[in-house]
Number of protein chains: 2
Amino acid sequence: MRADRELKNLIQKGQRDFLSNLSIDCVIFGFHAGQLKALLLRYKHSREWALPGGFIYKKEDVNQAANRILRERTGLSEIFLQQFRVFGSPRRIDHAREMGKFIRRSGIPLAKNSWLLGRFITVGFYALVDFSAVSPAPDHFSDACEWYDMHSLPALMMDHTEILTKALAALRLQLNSQPIGYNLLPEKFTMPELQKLYECILYKRLDRRNFQRRILGYGILRRHKETKKGMGHKAPYLYSFDLRKYHLALQEGLTGGW
Amino acid sequence: MRADRELKNLIQKGQRDFLSNLSIDCVIFGFHAGQLKALLLRYKHSREWALPGGFIYKKEDVNQAANRILRERTGLSEIFLQQFRVFGSPRRIDHAREMGKFIRRSGIPLAKNSWLLGRFITVGFYALVDFSAVSPAPDHFSDACEWYDMHSLPALMMDHTEILTKALAALRLQLNSQPIGYNLLPEKFTMPELQKLYECILYKRLDRRNFQRRILGYGILRRHKETKKGMGHKAPYLYSFDLRKYHLALQEGLTGGW
DNA sequence: CCAAAAGTGTTGCTAATACACCCATGT
DNA sequence: ACATGGGTGTATTAGCAACACTTTTGG
């Protein structure tokens, strides 16, 4: 079985190829149907869900490693990635031992002193992707890979819930200084969609009219002639980001708080 | 010589005691004489300056390791510490080799494959301290330890200039959400001092009157009856932070940008 | 008594809030 | 025709920026 071979390979040669004691965990944010979502996976023989993660090759840049891991998982490259925190509690080792249990359940032998069971300090990244461009698919080590609404998450392994929470907090803080809208929405989107995105991230309602005025006031959007028809009410305009102006505005930081 | 013994010890036993490939670098900010300063040291037999740094014991929490390193360096505990970024370029290894040169200059043998010459991913922390409470003193490995004005830094080893720059940027971003004033100033301070601190961090002038109104508007300061005399002009009032209200206000984030 | 630097006050503008009305679309 | 949701407009208010005058201190 291909999966078994991959796992054996990781167990046997991981220590040689990867930096020890160091891992990466990615919170992949997507936006769909008015919900902010995170891409989670479930390792084989585990009941809890986990963040996509991986290790860093000995000569690999940390940020590039995160890119690679994301590419392997979503098929996307050129992903917007941001490291937001290091999780370095020594208690993470206790949790890692739990992980060992379900690797053994797969029948693959795992030595008690395997590098995989050691202590890992993990660098937390968040990624922003266009939901519609990703087709979640489990890899060799997992049997499920799905989007979950950020506000109704399943049970997560280890400290992944904390990582997710901190990622959302970072996202909130950086809403006015990073091109968050651009990376989470498709090329063309409507104003109500953009507003809903903001509402999900901030977790509070915003006034429709004031939101529109403020966003348009930044001068970072281009309005298309087309509208989005087919929903039993007035068709909203489609917008796109004017990347040049967007990045210019972000350098200053968009004004005010939400 | 004590210093030699310490260094030999680090070279020989470091690999056993510390997590490999992982280090911590601290940007220690202080404020004095109207200047924002960083505490730098110079390793023996080196001409370039460096950030205080260290390694993480195998069972030690990363944040606690940073605290320990800071304590060893400044004698202070309970320091305000904030991790702000991971520096993980594989090119850091080239620089590390330079470091090897001046270790060898000290006459201590250093094997080519020593763990100290390997690749290090470093977690960047910034620390905020009360300048007057620190007496900089070189340790066993360094022959100088001094404060430098953030805006006239000496040549720094490796990528430490970048780390310093990123730390300042982080400080700027968090000015309204972290108790930065509290940790950089002495117990009692004057309004002009606080303003100068803000100006140093933001690197721009602020209007004296508007600054005062805004800060006082937050309701986070207590004004003392005493004033600070002896400077050939009107004596400014002394203030202290009302910690309760300060932290309460920070949770919301102080309004607006600067 | 004068220079330097601090305390205090006023005004106007900009931008965020809180509203109401009209328009397009599918059923 | 009507319910739903989107586009546009206006009054009010809060906060920031710009600016002037007075007060205290040491030399």
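To start, this report covers the structure provided alongside it.

The rules behind these values
- Residues numbered from 1 in each chain as written.
- Chains lettered and ligands numbered in written order.
- Predicted model: local features only at pLDDT ≥ 70, side-chain atom pairs only at ≥ 80, totals over all residues.
- Heavy atoms only, no water.
- Salt bridge = Lys/Arg side-chain N within 4 Å of Asp/Glu carboxyl O.
- Helix = DSSP H or I, 4+ residues; strand = E, 2+ residues; numbered from the N terminus.
- Buried < 20%, exposed > 50% of the residue type's maximum accessible area, 1.4 Å probe, protein only.
- Pairing = 2+ DSSP bridges.
- Near = heavy atom within 4 Å.
- Polar contact = N/O pair within 3.5 Å; in protein donor to acceptor, adjacent residues only side chain to side chain.
- Contact = heavy atoms within 4.5 Å.
- Buried area = accessible area lost by both parts, 1.4 Å probe.
- Nonpolar A, V, L, I, M, F, W, Y, C, P; charged D, E, K, R; others polar.
- Least-squares fit on C-alpha atoms with pLDDT ≥ 70 in both.
- Lys, Arg positive; Asp, Glu negative; His and termini not counted.
- Core = buried A, V, L, I, M, F, W, Y, C linked by side-chain atoms within 4.5 Å.

### Points about the pattern of salt bridges
Here's step 1: Across all of its chains, the model carries 22 salt bridges over all chains by this definition.
Here's step 2: Notably, a salt bridge pairs Asp159 of chain A with Arg92 of chain A, separated by 2.7 Å at the nearest N-O pair. Highlighted residues: Asp159 of chain A in the loop between strand 6 (142-149) and helix 4 (160-173) and Arg92 of chain A in helix 3 (residues 92-105), separated in sequence by 67 residues. Accessibility classification places Asp159 of chain A together with Arg92 of chain A in one group, the buried group.
Here's step 3: In this structure, Arg68 of chain B and Glu60 of chain B form a salt bridge, with 2.8 Å as the shortest nitrogen-oxygen distance. Glu60 of chain B shares its class with Arg68 of chain B; the two are buried.
Here's step 4: A single network of salt bridges, built from pairs that share partners, joins Asp25, Arg92 and Asp159 of chain A.

### A short note on the pairing of strand 9 (residues 237-241) of chain B
Residues and elements named next belong to chain B.
Here's step 1: Of all the five residues making up strand 9, four are buried; the element is thus mostly covered by neighbouring parts of the structure.
Here's step 2: Here two bridges tie strand 7 (residues 189-190) to strand 9, and the two strands are oriented antiparallel to one another. When the sheet's bridge partners are listed, Phe189 is paired in strand 9 with Tyr239.
Here's step 3: Summarising the sheet, strand 8 (residues 221-227) and strand 9 pair through four bridges and their orientation is antiparallel. Across the sheet, residue Arg223 finds its bridge partner in strand 9, namely Tyr239.

### Remarks on the protein's contact with DNA strand D
Here's step 1: Neighbouring residues of DNA strand D: 22 residues in total, closest Arg208, Arg209 and Lys234 of chain A together with Arg209 and Gly232 of chain B.
Here's step 2: Near the protein, within 4 Å, the atoms of DNA strand D are sugar or phosphate in 48% of cases.
Here's step 3: At a separation of 3.3 Å, a sugar or linking oxygen of DNA strand D approaches a polar backbone atom of His233 of chain B.
Here's step 4: Between a base oxygen of DNA strand D and a main-chain N or O atom of Lys234 of chain B, the distance comes to 2.9 Å.

### Considerations on the interface of chain B and chain A
Here's step 1: The interface is formed by 21 residues belonging to chain B together with 21 residues belonging to chain A.
Here's step 2: For the pair chain B and chain A, the summed buried area comes to about 1600 Å², and 55% of that belongs to carbon and sulfur atoms.
Here's step 3: Three residues, Gln83, Val86 and Arg119 of chain B, lead the burial of chain B against chain A; their summed loss comes to 28% of the area buried on that side.
Here's step 4: Here chain B and chain A share zero salt bridges between them.
Here's step 5: One can count eleven residue pairs in polar contact (both at pLDDT 80 or more) joining chain B with chain A.
Here's step 6: With four residues, the top contributor of residues to the side of chain B that touches chain A is strand 1 (residues 18-32) of chain B.
Here's step 7: Residues of the side of chain B that touches chain A, tallied by class, amount to nine nonpolar, six polar and six charged.

### A short note on the relation of the copies chain B and chain A
Here's step 1: Overlaying chain B with chain A gives an RMSD of 0.1 Å, the required rotation being 179° about an axis along which the chain moves by 0.0 Å. Taken together, the rotation and translation relating the two chain copies correspond to the operation of a two-fold axis. Every residue of chain B has its C-alpha some distance from the rotation axis, and the shortest such distance is that of Gly256 of chain B, at 2.6 Å.
Here's step 2: When the interface residues of chain B are mapped onto chain A, 100% of them again fall at the interface, so both copies present the same face.

### Concerning the side chain of Arg119 of chain B
Here's step 1: With respect to the secondary-structure elements, Arg119 of chain B resides in the loop between helix 3 (92-105) and strand 5 (121-128).
Here's step 2: Buried Arg119 of chain B, no salt bridge; nearest opposite-charge side chain is Asp61 of chain A, N-O distance 5.6 Å.
Here's step 3: Engagement of the side chain of Arg119 of chain B in a polar contact is seen with the backbone oxygen of Tyr57 of chain A, the distance being 3.4 Å.
Here's step 4: In terms of polar contacts, Arg119 of chain B uses its side chain to reach the backbone carbonyl oxygen of Gly88 of chain B, at 2.8 Å.

### Considerations on the nonpolar core
Here's step 1: In this structure, Ile24 of chain A together with Ile24 of chain B are the most contacted members of the largest nonpolar core, which totals 61 residues.
Here's step 2: Setting aside chain neighbours within four positions, we find Ile24 of chain B in contact with Pro52, Gly53, Gly54, Ile56, Val62, Ala65, Ala66, Ile69, Thr122, Val123 and Phe125 of chain B.

### Points about the environment of Arg42 of chain B
Here's step 1: Positionally, Arg42 of chain B belongs in strand 2 (residues 35-43).
Here's step 2: The exposure class of Arg42 of chain B is partly exposed, given its relative accessible area of 24%.

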